[in-house]
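For reference, the chains in residue letters:
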Amino acid sequence: MLIGHQPKEFLLAVSGLTVSFDGFKAVNDLSFYVEENEIRVIIGPNGAGKTTVLDLICGKTKATEGSIQFRGKELTKLKENEIVKTGVGRKFQTPSVFEDLSVFENLEISFPRGRSVFGSLTFQRDAKVKERVEEVAEMIFLKDKLSTYADELSHGQKQWLEIGMLLIQDPDLLMLDEPVAGMSVSERAKTAELLNRIIKNRSVLVIEHDMKFVEDIAHKVTVLHQGQILSEGTMEKVKNDPKVIEVYLGH
Amino acid sequence: MIINSRFFNRSELIGFVSLAVLLFLILPLSLDIFRLNLVAKYLTYAFVGIGLVLCWGYGGILSLGQGVFFGLGGYCMAMFLKLEASSVANTKIQSTPGIPDFMDWNQLTAVPMFWKPFYSFPLTVLAIIIVPGIFAFIIGAAMFKRRVGGVYFAIITQAIAAILTILIVGQQGYTGGINGITDLRTLYGWDIRTDHAKFILYFVEVVLLFGCIIAAQFIRLTKLGRILVAMREQEDRVRFSGYSVANFKIFAFCAAAIFAAVGGAMFTLEVGFMSPSFVGIVPSIEMVIYTAVGGRMSIFGAVYGSLLVNFAKTMLSESFPQLWLFGLGGLFIAVVLAFPSGLSGIWADYVQPRIDRLLSSRKPKAAWTESSVADGAPAE
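**Q** Outline unusual backbone geometry, supporting the account with residue identities and numerical values.
**A** Residues and elements named next belong to chain A. Of note in this structure, Asn37 is not a glycine but carries a positive phi near 60°. Summarising the element assignment, Asn37 is placed in the loop between strand E2 (24–35) and strand E3 (39–43). One non-glycine residue with positive phi stands out, namely Asn201, at about 65°. Along the chain, Asn201 turns up in the loop between helix H7 (185–198) and strand E8 (203–207).

Here it is, written out as structure tokens:
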């Protein structure tokens, strides 16, 4: 790794990233780079540190060492909400939507305006907000559910709603943690279609176990094992890597 | 500001109008001045309750220390009234005339610096808002920025209530100690102890209460109100939608503190004294119970809860003083276990549907269908 010679086009540059929980290194000296408009899938066995990597990038967990550069900005020093404002969106593994609010209100809260206390007191639900909410709702197949409370949605619909909440933020980097887990076959197909539509003009970092799904969408795959990179490259290359077969794909 | 198409939906409008009729007409016309003054005292807790609805019901921040802010507001008002009551003419038998009596008993010879602003009524009114506001801001910033929340926050607020009580009791020369600040007489020469003054003060208080109700309703209907609900459910999702969760919690906590302080100031005016017994742990918990009984998600519920529980308290403690605390504890357990959304929940689940059915059977296809509710914005 040549410090100072990173090519400019990297959207996200993770270098030397380490996090240790009471001595246990969940992520150990990890470096990888994501380009503009790239879809990168992270795979790996349980406990490999996949979710931790996303937590580190979005600021949920603080890094012990290393750096995360996003468009030249150092993310490890920023607070979660500031990281969101630089253009990083994160979807959690379990759908986390606001169940006591309607689909419309869920999406509206994520609309990137009026995010300060006084901004939110004076926030107006104007035509622009409504238009954007409806546009996103249509994309996530929830257009006719705008006034439904989120707790009445199915598991898959909640997942879509959360993806919609990220879309409305229009992030440059979208991070999705197991977006199709727990979905029915038809929901899964719809989600793949949805993801293929929304990944235009942005980079996406996805954690997923469903290899079929990974093959469908990935430009490049990173295999994590015990907090370190085991293999990286195209799906074809990774699939045939004997180390990957041994620890992950083989069983 | 029109966020929903209407400021109150139909059931809220009914609640608002019926509360106005009750407080402005029925109670003043039917009660004698002694009972009306008791109602005024009960209603001072409704201010605290409204704040708790925002902070606890909506924001999910349980504060067991609202007595602190109630007390700060009350003490600010009491300090002004005490200084006015301690004119040289009134206190000429003291060794230092012109200072409050308890200061004289504690060998103070001059009014302390921090009492000086309270010679001015405008400054006092400002202090009633600013002092609790700033205090709540400091506590809120210290706790929420460090992500202290839930039970830990509740315990800390309770500790603060205990600390403030001990401080007030201990600093007798500056605060009047355990007796509090008593023997308050006039406001700009207007005797607040007369029946007539109590009657006027009742109406002043009810007007202020409606001011607070409208302010709380306004906050509830803005996006900030929805963010509070969102925060209560999925704090991380709010954070990763680009909001500083701590700032919103601080706002809710400060708003609740200021409402409580207005109630405390009115309490001092209605009752004619202020003491540490309204600051500590027990009154703070009682205030949470009033809100829980009324329904912690309902602004009107908080008002009715304060009225009813206090009314019951007066009745029961007049006849069975020992039983009251058990009654209160039992009530709290019953509400939490059986009716988590309190009286307003019982109303919404059982009474409201019957009324609706009655009305709609009489007037088929009434005008109030869903058309007036904004798209995607359920009225509740």
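Now that the structure has been shown, the text picks up again.
**Q** Can you break down the sheet that holds strand E10 (residues 228–233) of chain A residue by residue, with the values?
**A** Residue and element names in this part refer to chain A. Spatially, six strands are ordered E6-E7-E8-E3-E9-E10 in an open sheet, and the strand pairing comes out mixed. Strands with a single pairing partner mark the edges of an open sheet, and in this sheet they are strand E6 (88–91) and E10. Averaged over all pairs of adjacent strands, the angle between their axes in this sheet comes to 15°, without regard to strand direction. Sheet topology places E3 next to E8; four bridges connect them, and they run parallel. Of the residues in E8, the one forming a bridge with Ile39 is Val204. Packed on one face of the sheet, helix H1 (residues 50–58) meets E3, E6, strand E7 (173–177), E8 and strand E9 (220–225) and runs near 145° to E7. Of the strands in this sheet, E3, E9 and E10 touch helix H10 (residues 242–249), which is tilted by about 120° from E10.

**Q** I'd like to hear about the pattern of salt bridges, residue by residue, with values.
**A** Following the criterion strictly, the structure yields 30 salt bridges over all chains and no others. A salt bridge links Arg71 of chain A to Glu36 of chain A; the shortest N-O distance between them is 2.7 Å. In this pair, Arg71 of chain A is assigned in the loop between strand E4 (65–70) and strand E5 (73–74) and Glu36 of chain A in the loop between E2 and E3, connecting sequence segments 35 residues apart. Using a relative accessible area of 38% as the deciding quantity, one classes Glu36 of chain A as partly exposed. Ionic pairing is found between Glu80 of chain A and Arg147 of chain B, a salt bridge with its closest N-O pair at 2.9 Å. Highlighted residues: Glu80 of chain A in helix H2 (residues 80–86) and Arg147 of chain B in the loop between helix H5 (121–144) and helix H6 (150–170), drawn from two different chains.

**Q** Residue-level account of the pairing of E6 of chain A, with values.
**A** When a strand is regular, its side chains alternate between the sheet's two faces. All names here are of chain A. Burial along E6 is two-sided: the residues Val88 and Arg90 and Gly89 and Lys91 are all buried. Pairing of E6 with E7, which is carried by four bridges, proceeds in the parallel orientation. Paired with Arg90 across the bridge in E7 is Met175.

**Q** Tell me about the packing of aromatic side chains, and please be specific about residues and values.
**A** With the rule as written, the count across this model stands at 30 aromatic pairs over all chains. The interplanar angle of 45° and the centroid separation of 6.4 Å between the aromatic rings of Phe8 of chain B and Phe300 of chain B together place this pair among those described as tilted. With a gap of 292 residues between them, Phe8 of chain B in the segment before helix H1 (10–30) and Phe300 of chain B in helix H13 (residues 299–319) connect regions that are remote in the sequence. You'll find Phe8 of chain B and Phe300 of chain B in the same group, each marked buried. Among the aromatic residues, those joined into a cluster by ring pairs are Phe7, Phe8, Phe16, Phe24, Phe199, Tyr202, Phe203, Phe210 and Phe300 of chain B. Here Lys223 of chain B stacks its cationic end above the ring of Phe123 of chain A, 4.1 Å away from the centre of that ring. For Arg296 of chain B, the ring lying beneath its charged end belongs to Trp56 of chain B, and the centroid distance is 4.8 Å.

**Q** A description of the sheet that holds E4 of chain A should follow, citing residues and the corresponding values.
**A** All names here are of chain A. Strand order in the open sheet made by the four strands is E2-E1-E4-E5, with antiparallel pairing throughout. Unpaired on one side and paired on the other, E2 and E5 mark the two borders of the sheet. For strand E1 (residues 10–21) and E4, the ladder comprises five bridges, and the chain directions are antiparallel. Paired with Ala13 across the strands is Gln69, a residue of E4.

**Q** Pulling in residues and values, what's your account of the interface of chain A and chain B?
**A** By a frequent convention, interface size equals the accessible area lost on bringing the separate parts together. Taken together, the 40 residues of chain A in the interface contact 31 residues of chain B. Interface of chain A and chain B: buried area, both sides summed, is about 3100 Å²; carbon and sulfur atoms make up 59% of it. Connecting chain A to chain B are five salt bridges. The residue Arg226 of chain B makes a salt bridge to Glu108 of chain A at a minimum N-O spacing of 2.8 Å. Our count for the contact surface shared by chain A and chain B stands at 14 residue pairs in polar contact (both at pLDDT 80 or more). The dominant element in the side of chain A that touches chain B, judged by the number of residues it contributes, is helix H3 (residues 103–110) of chain A, at five residues. When the residues that make up the side of chain A that touches chain B are grouped by side-chain class, the tally is 17 nonpolar, nine polar and 14 charged.

Reading the values: the criteria
Residues numbered from 1 in each chain as written. Chains lettered and ligands numbered in written order. Predicted model: local features only at pLDDT ≥ 70, side-chain atom pairs only at ≥ 80, totals over all residues. Heavy atoms only, no water. Helix = DSSP H or I, 4+ residues; strand = E, 2+ residues; numbered from the N terminus. Pairing = 2+ DSSP bridges. Axes fitted to C-alpha atoms, helices over the stretch in contact; angles between N-to-C directions. Contact = heavy atoms within 4.5 Å. Salt bridge = Lys/Arg side-chain N within 4 Å of Asp/Glu carboxyl O. Buried < 20%, exposed > 50% of the residue type's maximum accessible area, 1.4 Å probe, protein only. Phe/Tyr/Trp six-rings, centres within 6.5 Å; stacked < 30°, edge-to-face > 60°. Lys NZ or Arg CZ within 6 Å of the ring centre and 35° of its normal. Buried area = accessible area lost by both parts, 1.4 Å probe. Polar contact = N/O pair within 3.5 Å; in protein donor to acceptor, adjacent residues only side chain to side chain. Nonpolar A, V, L, I, M, F, W, Y, C, P; charged D, E, K, R; others polar.

These results come straight from atomic positions and should not be treated as a statement about function.
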